[in-house]
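Inside the fold
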Amino acid sequence: MESAQTLQRPQVDVPATDFDPYADEVLDDPYPHYEMLRELGPVFYLSRYNAYGIARHAEIDAVLRDPVTFCSSAGVGLANFHMEEPWRKPSIILEADPPMHGRTRKVVAGLLAPASINKLRPTFERQAELLVERILDKGSFDAVTDLCEAYPLKVFADAVGIPAEGREKYLLPYGDMVFNAFGPVNERFKACLAKAQDGAIAWIAEVCRRENLTPDGFGAQLYKAADEGLLAPEEAPMLVRTLLSAGLDTTVFTLCNAILSFSRHPEQWAHVHANPALARQALEEVLRYESTFHSFYRTTTREVEVAGVPMANEQKVCVFIGSANRDPRRWGESADKFDVTRRASGNLAFGTGIHGCAGQMIARLEGEIVLTALAKRVRNIRLEGKPVIHYNNSVRGYTSMPVSVSAD
Ligand code: OVV
């Protein structure tokens with residue numbers, strides 16, 4: 001039998017850091033900082049925020065696969081909903097735990113399943129081809145507004161079935177707020193909320209109503225699911241809100257990160273241009289190398305040890321998925337290299353486990369289709385000026401990116 005002495009938990013010192021993941025200078029280039037965080041150890045303490053942090057692939061994967069210990073219902077930003085008022089009514093899928101989460105997730109998963117979204121392919125392809133012809137006509141253009149924003153604002157918003165009027169003004173600022181809320185309630189969060197309160201939040205609530213949706217879109221299908229008893233009537237508009245919260249800024253920024261990565265690595269674009277069938281795996285490498293979504297939180301529901309580090313109940317744990325996707329422990333010494341020929345699957349850009357992105361297949365469909373349309377027509381993608389970063393607490397993208405393209 002072991003003595004009481006050996007059964008005592010060893011005193012583990014968690015490395016603490018006053019690093020601020022949300023500082024502009026960090027967001028400008030987070031990757032050297034991520035390396036520093038990974039080298040601190042498997043778990044560290046963010047003393048400014050009173051939260052644990054995890055920046056290595058293996059431990060993040062383990063945390064995300066244990067949603068009972070590391071819950072979402074206390075919010076996936078730094079604010080703990082058990083103690084602080086959320087900025088909006090919590091999402092019934094993102095900010096929910098089993099068993100409630102399983103019920104709503106099933107409905108959304110059905111909506112966004114491959115069989116359902118493959119019907120959209122011809123329309124998505126046509127829109128991508130039109131946009132690519134338009135930018136080729138221009139020659140020089142802003143890749144953010146003219147391509148990366150224009151495409152999801154048209155095809156995804158049409159697929160949900162919301163009106164065209166107001167999309168450009170309100171959809172992206174609303175998502176900007178949603179994704180700022182995956183971090184702390186800092187000045188960036190507060191300024192963004194003030195802006196969203198000036199129209200966007202009210203507009204979103206309005207377009208989520210049944211009478212404002214087209215008859216066959218995802219929105220209408222959510223109301224039909226409620227008619228069939230799969231959802232409570234008040235849950236349908238909440239899940240339309242989820243689609244509009246999660247599905248725009250993310251795909252816009254993924255396209256930004258793709259264009260920027262290829263303009264900085266012309267030899268990688270040469271591969272895709274020579275073989276457009278590489279588009280899908282190239283997109284996966286973009287998601288790994290320049291992840292759209294960089295970090296969010298879980299909250300402990302009990303005392304637990306992660307990699308030997310004991311955590312108390314009700315602790316916030318920040319997972320840096322943008323760092324996991326560059327972790328040499330998972331990707332080898334070439335982790336920091338953009339290489340469209342690598343096997344990038346297993347990256348955590350869409351998270352993993354029961355809360356893994358429900359829209360990842362339609363997100364990949366949009367990305368693949370845009371890259372394919374570009375690959376077929378565009379030989380060179382050149383950066384013509386400094387891209388302007390869009391600062392956000394959890395997602396990375398740009399507000400402008402001057403680019404020129406040339407055809408064969
Ligand atoms: C995955 C995600 C991101 C943003 C918002 C939501 C979900 C939501 O459910 O509102």
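The structure contained in this document is the topic of the report that follows. Just so we're clear, the structure is a prediction, and the values are computed from it rather than from any experiment.

Some remarks on the site of the ligand
In the vicinity of the ligand, the residues found are Arg 88, Ser 91, Ile 93, Leu 94, Val 178, Phe 179, Phe 182, Thr 242, Ser 245 and Ala 246. In the model, an oxygen atom of the ligand is placed 2.6 Å from a nitrogen or oxygen of the Thr 242 side chain. Bound to the protein, the ligand loses 86% of the 280 Å² it would expose on its own. Among the elements of the structure, helix H9 (167-180) and helix H13 (235-246) are those that each provide at least two residues to the shell around the ligand.

Comments concerning the packing of aromatic side chains
If you walk through the whole model with that rule in mind, you get 15 aromatic pairs. On the basis of an interplanar angle of 85° and a centroid distance of 5.6 Å, the ring pair of Phe 179 and Phe 293 is categorised as edge-to-face. Pair noted here: Phe 179 is in helix H9 and Phe 293 is in the loop between helix H16 (279-289) and strand E6 (296-300), with a separation of 114 residues, a long-range link. Comparing Phe 179 with Phe 293, the two get one shared label, buried. Ring-pair connections join several aromatic residues into one group, and the members of that group are Tyr 31, Tyr 34, Phe 44 and Phe 320. A cation sits over an aromatic face here: Arg 330 above Trp 331, 4.2 Å from the ring centre.

Quick notes on the packing of helix H5 (residues 100-111) against H13
In a packed pair of helices, the relevant descriptors are the angle between the two axes and the axis-to-axis distance. Between H5 and H13, the least distance of the axes is 12 Å, while the angle of their chain directions is 65°. As H5 runs across H13, the sense of the crossing is right-handed. Contacts from Met 100, Arg 103, Thr 104, Val 108 and Leu 111 in H5 reach Glu 235, Leu 239 and Leu 243 in H13. Here the contact of H5 with H13 is composed, by residue class, of five nonpolar, one polar and two charged.

Here's the deal with the pairing of E6
Of all five residues in E6, five are buried, a share of seventy percent or more. Burial of E6 is two-sided: the residues Phe 296, Arg 298 and Thr 300 facing one way and the residues Tyr 297 and Thr 299 facing the other way are all buried. With two bridges connecting them, strand E4 (residues 70-71) and E6 associate as antiparallel partners. Looking at the pairing, Phe 70 lines up with Thr 300 of E6. Bridge count for E6 against strand E9 (residues 316-319) is four bridges, and the pairing is antiparallel. In the sheet register, Tyr 297 faces E9, and the bridge partner there is Cys 318.

Cut-offs applied
- Residues numbered from 1 in each chain as written.
- Predicted model: local features only at pLDDT ≥ 70, side-chain atom pairs only at ≥ 80, totals over all residues.
- Heavy atoms only, no water.
- Near = heavy atom within 4 Å.
- Polar contact = N/O pair within 3.5 Å; in protein donor to acceptor, adjacent residues only side chain to side chain.
- Areas by Shrake-Rupley, 256 points an atom, 1.4 Å probe, with all protein chains shown as cover.
- Helix = DSSP H or I, 4+ residues; strand = E, 2+ residues; numbered from the N terminus.
- Phe/Tyr/Trp six-rings, centres within 6.5 Å; stacked < 30°, edge-to-face > 60°.
- Buried < 20%, exposed > 50% of the residue type's maximum accessible area, 1.4 Å probe, protein only.
- Lys NZ or Arg CZ within 6 Å of the ring centre and 35° of its normal.
- Axes fitted to C-alpha atoms, helices over the stretch in contact; angles between N-to-C directions.
- Left-handed = near helix turned anticlockwise from the far one by under 90°.
- Contact = heavy atoms within 4.5 Å.
- Nonpolar A, V, L, I, M, F, W, Y, C, P; charged D, E, K, R; others polar.
- Pairing = 2+ DSSP bridges.

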